[in-house]
Each structure stands twice: as C-alpha cells, then as structure tokens.
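Observations on chain architecture
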Amino acid sequence: MSIFNPELKEFRESNFEANKFSQDTEKRLLKALEDKKERYADIAQCPNKSCGVPVKVEMQGDHVRVSCPTCGWETVLRRDVKTHEMKLNEEPFNQIENGEKKYELRLNDEKRKQLRLGDHIVFSKLPELNEKLEAEVISLEKYQSFHEMYKALQADFSEYSEDEFVKEMYKYYSPEDEQRFGVLAISIKLVG
Ligand SMILES: [Zn+2]
C-alpha cells in the first residue's frame, strides 16, 4: 500500500487522532514534572479509544514516561522537544510506515548523541526525500557492538540469527565505525 492510498490515509488519520494524548493532560503532566513531583496523582486514561484504562505515569528526571499496561501505548513527554532529521532507504521507510519496524539502528555518532527521549525524528525517504514520516523517540539503548545489541534485543530481531543480524548491519556500517562510536537502538513511535 502506498501513502497515497486514500483508504490507508484515512485509517492513519483516524488512528492518530484516537491515539493522541489530550493537550490538557499533557500540560498537567509537564507541570507536575516542573514542580519536581515524583508521582502524578490524578488518573490519566489511555488515549487509545478501544482501551481507555488508567495509564502508568513515571516521572524520570527531565521527562515523563506514560505507558498503558493493557494495549502497550506509550509516550515520553518533555518540555524542550527537538526535531531531528534522518534519511532512510525505501524498505525501512515503508516498514516504519506500516508499523512493522519498531527500532531504528544507527551508529552512536555525534549526530545521534544529540537525541533525547521524547524528541521527534523526521525520516525522509531516499532518494527523492519527498516522502516524510515523523516519529517520537521512546527509548534509546546504547551498545558497544551489534553483537551486544542483538543479544539484548534478540526477541525483537528473532527473524535473524546473530550472525545474520550483524552481517546485515555491516552492509550499512563498517566494523571500524562500530568500534569507534558504538551503536544505538532508537525505539520509535509514529506521531500524527
Ligand atoms: Zn491502552
């Protein structure tokens, strides 16, 4: 399916709407964070319309993590959200768009070291860079090597053996750069 398929576009738009956390709740959560509260007293509900159960709210230093124990919906809120730009090949771009790809794997280079939880990433599809997707950074996991990354996240990459996974990564990144920078698994969630 392409992004230009009107049915898909409609589905995605209504889906995004259903999954949006209300701005009012967001404001109250950020205020609680600013006041250095360790707990958020009021009950916030999962914005997923078919779910709606109370969510878990964790104040974690400079951000708030909100997660739904039932449907797995999750968001990270912070005051100074930055937007970063990254380029992607067609296949991974489409996988993110379809919700098949949960992690973006990169070297932990200077550009990636700027990423913080709750920031947004705009992915542009190579080579034309006309199609774009915006995602939120849900978690950042750093590893010394792709081998170490595979061992930690094996459940999410079970379609590959460890050797296949590392070989796949070496199509894009050299072992020298891997050693120099270390590697980063960026867990992402599409945002509307
Ligand atoms: Zn839920």
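Everything numeric here is computed off the predicted structure, so don't read it as measured data.

Broken down by element type, the chain carries 6 helices and 8 strands. Its helices and strands in sequence order give the chain the pattern α-α-β-β-β-β-α-β-β-β-α-α-α-β, from N to C terminus. Looking at the 192 residues of the chain, the share that counts as buried comes to 19%. Taking as baseline every contact in the chain between residues at least 6 positions apart, the subset at least 24 positions apart corresponds to 60%.

Moving on: helix α3 (residues 90-97). Every buried residue of α3 is accounted for by Phe93, Ile96 and Glu97. Angularly, the buried residues of α3 cover 100° about the axis, an arc narrow enough to put them on a single face. Where α3 is buried, its residues touch β4 (83-88), β6 (120-125) and β7 (132-143). Immediately downstream of α3, the backbone of Gly99 shows phi near 80°, a positive value.

As summarised here, the arrangement of the 5 strands in space is β4-β6-β7-β8-β5, forming an open sheet in which the pairing is mixed. Edge strands, defined here as strands with exactly one partner in the open sheet, are β4 and β5 (103-107). Within the sheet, the average angular offset between the axes of one strand and its neighbour, ignoring direction, is 40°. Bridging between β7 and strand β8 (residues 183-190) involves 8 bridges; their strand directions are antiparallel. Residue Glu136 lies in a different strand from β8, and its bridge partner there is Lys189.

The 3 strands are arranged β1-β2-β3 in an open sheet whose pairing can be described as antiparallel. One side of each edge strand has no neighbouring strand; the edge strands of this open sheet are β1 (56-60) and β3 (74-77). For this sheet the average axis-to-axis angle between neighbouring strands, irrespective of direction, equals 15°. The pairing of β1 with strand β2 (residues 63-67) spans 5 bridges and is classified as antiparallel. In the strand pairing of β2, Met59 is matched with Val64.

This next bit is on unusual backbone geometry. For the bond running from Leu126 to Pro127, omega is 0°, close enough to zero to count as cis. With respect to the helices, strands and loops of the structure, Pro127 is situated in the loop between β6 and β7. Phi angles above zero are rare outside glycine, and Lys36 is one such case at about 60°. Mapped onto the elements of the fold, Lys36 is located in the loop between α2 (23-34) and β1. Since 7 C-beta atoms lie within 10 Å of it, Lys36 is described here as exposed. Despite not being glycine, Leu129 has its phi angle at roughly 65°, a positive value. Looking at the element boundaries, Leu129 is found in the loop between β6 and β7.

Definitions and limits used
- Residues numbered from 1 in each chain as written.
- Predicted model: local features only at pLDDT ≥ 70, side-chain atom pairs only at ≥ 80, totals over all residues.
- Helix = DSSP H or I, 4+ residues; strand = E, 2+ residues; numbered from the N terminus.
- Buried ≥ 20, exposed ≤ 12 C-beta atoms within 10 Å, placed from the backbone.
- Contact = placed C-beta atoms within 7 Å.
- Arc of directions from axis to C-beta.
- Pairing = 2+ DSSP bridges.
- Axes fitted to C-alpha atoms, helices over the stretch in contact; angles between N-to-C directions.

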